[in-house]
Amino acid sequence: ISCCCGTQIALQALGSLSYICKDVMVSDGIAYLAADPGGVHILNVTEPNNPVFLATYTANKAWNVFVLGNRLYVPVTFAGEFHIVDVSDPSSPTS
């Protein structure tokens, strides 16, 4: 792949999972995948070769995610909802 400055870079897949994602955010080794219509899947990706599923937060039509501190923000545009979720324990998200 060539980037904008003309430098050639090689990409290599380190690990994979089968999810359809609309948005992804990684914070402190935890990945938050907006997986419409499956909610938000939360994975530990501290070892990229071995991602580990932690939990799913149910939010129908989750297209975007944002994490700040111990809070996960999930706008659910089509439902007119906005979820604020406590992810201090990523394996047990609570709203």
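Residues numbered from 1 in each chain as written. Predicted model: local features only at pLDDT ≥ 70, side-chain atom pairs only at ≥ 80, totals over all residues. Heavy atoms only, no water.

Participant: Before we move on, can you summarise the environment of alanine 79 with the specific residues and values?
Facilitator: Along the chain, alanine 79 turns up in the loop between β6 (71-76) and β7 (81-86). Remark: the alpha-carbon pair of alanine 79 and alanine 59, spanning 20 residues in sequence, is separated by 9.6 Å. (Helix = DSSP H or I, 4+ residues; strand = E, 2+ residues; numbered from the N terminus.)

Participant: Talk me through the pattern of salt bridges; I want residue IDs and the actual numbers.
Facilitator: By the definition in use, this model includes one salt bridge. In this structure, arginine 71 and aspartate 86 form a salt bridge, with 3.7 Å as the shortest nitrogen-oxygen distance. Here aspartate 86 lies in strand β7 and arginine 71 lies in strand β6, a separation of 15 residues in the sequence. (Salt bridge = Lys/Arg side-chain N within 4 Å of Asp/Glu carboxyl O.)

Participant: Residues and numbers for the sheet that holds strand β1 (residues 23-27), please.
Facilitator: On the basis of which strands lie adjacent, the open sheet formed by four strands has the order β1-β2-β3-β4 and antiparallel pairing. Of all strands in the sheet, those with a lone pairing partner are β1 and β4 (52-57), marking the two edges. In this sheet, adjacent strand axes meet at a mean angle of 20° when their direction is disregarded. Sheet topology places strand β2 (residues 30-34) next to strand β3 (residues 40-44); five bridges connect them, and they run antiparallel. Paired with leucine 33 across the bridge in β3 is histidine 41. (Pairing = 2+ DSSP bridges. Axes fitted to C-alpha atoms, helices over the stretch in contact; angles between N-to-C directions.)

Participant: Help me get a handle on the nonpolar core, residues and values and all.
Facilitator: In this structure, Tyr32, Val40, Val65, Leu72 and Val74 are the most contacted members of the largest nonpolar core, which totals 15 residues. Elements that contribute at least two residues to this core include exactly β2, β3 and β6. In this structure valine 74 touches Val40, Ala59, Ala62, Asn64, Val65, Glu81, Phe82 and His83, once residues within four positions along its chain are discounted. (Core = buried A, V, L, I, M, F, W, Y, C linked by side-chain atoms within 4.5 Å. Buried < 20%, exposed > 50% of the residue type's maximum accessible area, 1.4 Å probe, protein only. Contact = heavy atoms within 4.5 Å.)

Participant: Which residues make up the pairing of β6, and what are the values?
Facilitator: Of the two faces of β6, the one lined by Leu72, Val74 and Val76 is fully buried and the one lined by Arg71, Tyr73 and Pro75 carries no buried residue. Examined bridge by bridge, strand β5 (residues 66-68) and β6 share three bridges and lie antiparallel to one another. Paired with leucine 68 across the strands is arginine 71, a residue of β6. Where β6 and β7 come together, six bridges link them in antiparallel fashion. From the neighbouring strand, valine 76 faces β7, where its bridge partner is glutamate 81. Between β6 and β7, which pair antiparallel one after the other, the connecting turn spans four residues, and glycine 80 there sits at a positive phi close to 65°.

Participant: So what about the pairing of β1? Which residues, and what values?
Facilitator: Relative to β2, β1 runs antiparallel, the two being bridged by five bridges. The residue bridging valine 26 from the neighbouring strand is alanine 31, located in β2. Taking the residues between adjacent antiparallel strands as the criterion, β1 and β2 are bridged by two residues, where aspartate 28 takes a positive phi near 55°.

Participant: Talk me through the packing of aromatic side chains; I want residue IDs and the actual numbers.
Facilitator: Inspection of every chain in the model, using the stated rule, returns two aromatic pairs. Measuring from centroid to centroid gives 6.2 Å for tyrosine 73 and phenylalanine 82, while their planes differ by 25°, and the two rings are stacked. Of the residues examined, tyrosine 73 reaches a relative accessible area of 23% and is grouped as partly exposed. Judged by its relative accessible area of 52%, phenylalanine 82 falls in the exposed class. One aromatic cluster is present, built from ring pairs that chain together Phe66, Tyr73 and Phe82. Positioned over the ring face of tryptophan 63 is lysine 22, at 4.5 Å from the centre of the ring. (Phe/Tyr/Trp six-rings, centres within 6.5 Å; stacked < 30°, edge-to-face > 60°. Lys NZ or Arg CZ within 6 Å of the ring centre and 35° of its normal.)

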